[in-house]
Amino acid sequence: MSAPAPSRISVLAFGAFGVGTSGYIVAGLLPALTGELHVSATAAAQLVTAFAIAYAIGSPLFAAATGTWERRTLLVAALAVTGAGNLFAALAPGYGSLLVARVVTAVGAAVFTPAASAVAAELTVPERRGRAVALVFGGLTVALIFGVPLGSLISQHLGYRAAFALVAAFSLVSALAVRLALPTVAAPPRVGLAERFAAGRDPRVLVMLATTVLACLAAFMVYTFVSPLLAATAGVHGTTVTVLLFCYGVGGAIGNFAGGRATDRWGSRRPLIVVTVAITAVMALLPLTTVTPVAAGISLFVWGLATWSFNPPVQHRLIELSPGHAGLVLSLNASAIYLGVGLSGVVGGAVLASGGPLLLPEVAAALTLAALLLVGSAWGRVREPREQVAVG
């Protein structure tokens, strides 16, 4: 017997928390990974790259391949694959097998997140669908608040394997909860790969996707290496870094909500430009504003607030541009997010190796400035869509 509608959405958010923690947790585990695997921080960061690239490529491919699956079955299977990938990571004997485990985990995450958002909308009355989808994405934000710091804390005392094992257990429990709480949900009309990518031919959509890639590359190249950055600026390690990651996550949760409210009130252009300016300024100043633990906590809170305010206006703009294919362009945006995350491990690792941790936020600021210029120049030149839609 299925649960009432609010409980159903909460269960999906519960699963999103597990999926989000799976994706973000490497940032909190970086010191443990480098110590236990005897690899450099740059090499450990490629675990982020492996996950993100697999997600970016796998999301549209697996969405097409599983298009005819009943949705509850698909969600359970996706969480089971995520759990299996994390379990494999906990048991992996070395760095190479851990990379493979991250790819397996990404496959499950790439299937779960867009499917969970669609199911949340399907199971909710029209006037509450925006809030239902926001609740699912809230699970990803909570992963930053609690999942990553908790993983960091566990790894400091029990090693990184224990952290992956805990996420595996959580994912598998989430799969069981979804199976028990959700009703059967019929598959949507089948959409092939050609149609999925057709919306991406619109140059206005391409501008937004490129902006997403640049912004996520900038944010995660710093977030992935935040431990060495904070060690260099504030001289903090261990539990203090865990607390600072919590500050970032709290800022991110508030930013996600504030970005949505601002977009509902002013549309997508003004919030997107203001947020991108804020991210650029915060990034550029991080080496100066994180010199003490208290200052670092405030800085990471503001950084999380600005960074997580970015996605709501981007999504709103994409829906404006392609109202008839909103789900498709948002799927492409999810791939763009993880492409940026994937590149962050490579680019951030190269910057760290060549210029040290203090150069990371400066390069990130340059990338967000490029995103700002791209949006500002293209918005005026490219024709506005005739059809406008409200997203709330």
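Everything here concerns the structure above.
Attention here is on the structure that accompanies the text. (Residues numbered from 1 in each chain as written. Predicted model: local features only at pLDDT ≥ 70, side-chain atom pairs only at ≥ 80, totals over all residues. Heavy atoms only, no water.)

A closer look at helix H11 (residues 239–266)
In step 1: Over its 28 residues, H11 runs 40 Å from end to end, which matches the ideal 40 Å to within 8%, given 1.5 Å per residue.
In step 2: Three or more residues of H11 are buried, namely Val241, Thr242, Leu244, Leu245, Tyr248, Gly249, Gly251, Gly252, Gly255, Gly259, Ala262 and Thr263.
In step 3: Positive backbone phi, approximately 80 degrees, marks Gly267, located one or two places after H11. (Helix = DSSP H or I, 4+ residues; strand = E, 2+ residues; numbered from the N terminus. Expected span 1.5 Å × (residues − 1). Buried < 20%, exposed > 50% of the residue type's maximum accessible area, 1.4 Å probe, protein only.)

Let's talk about the packing of helix H4 (residues 71–91) against helix H7 (residues 160–181)
In step 1: Relative orientation of the contacting elements H4 and H7 amounts to 165 degrees, with a least axis distance of 8 Å. Relative to H7, H4 is oriented roughly antiparallel. Between H4 and H7 the crossing geometry is left-handed. Contacts from Arg72, Leu75, Val76, Leu79, Ala80, Thr82, Gly83, Asn86, Leu87, Ala89, Ala90 and Leu91 of H4 reach H7 at Tyr160, Arg161, Phe164, Ala165, Val167, Ala168, Ser171, Leu172, Ser174, Ala175, Val178 and Arg179.
In step 2: Here the contact of H4 with H7 is built from residues that sort into 16 nonpolar, five polar and three charged. (Axes fitted to C-alpha atoms, helices over the stretch in contact; angles between N-to-C directions. Parallel < 35°, antiparallel > 145°, perpendicular 65-115°, else oblique. Left-handed = near helix turned anticlockwise from the far one by under 90°. Contact = heavy atoms within 4.5 Å. Nonpolar A, V, L, I, M, F, W, Y, C, P; charged D, E, K, R; others polar.)

So, the environment of His237
In step 1: With respect to the helices and strands, His237 occurs in the loop between helix H10 (226–233) and H11.
In step 2: The exposure class of His237 is exposed, given its relative accessible area of 55%.
In step 3: In this structure the C-alpha to C-alpha distance between His237 and Pro31, which are 206 residues apart in sequence, comes to 9.2 Å.

Overview of the packing of aromatic side chains
In step 1: Applying the stated rule across the entire model yields 13 aromatic pairs.
In step 2: Their ring planes at 65 degrees and their centres at 6.4 Å tell us that Tyr223 and Trp303 sit as a pair that is edge-to-face. Placement of the pair is Tyr223 in helix H9 (residues 203–223) and Trp303 in helix H13 (residues 293–307), with a sequence separation of 80 residues.
In step 3: We classify Tyr223 as buried; its relative accessible area is 3%. (Phe/Tyr/Trp six-rings, centres within 6.5 Å; stacked < 30°, edge-to-face > 60°.)

So yeah, pure geometry; function would need other evidence.
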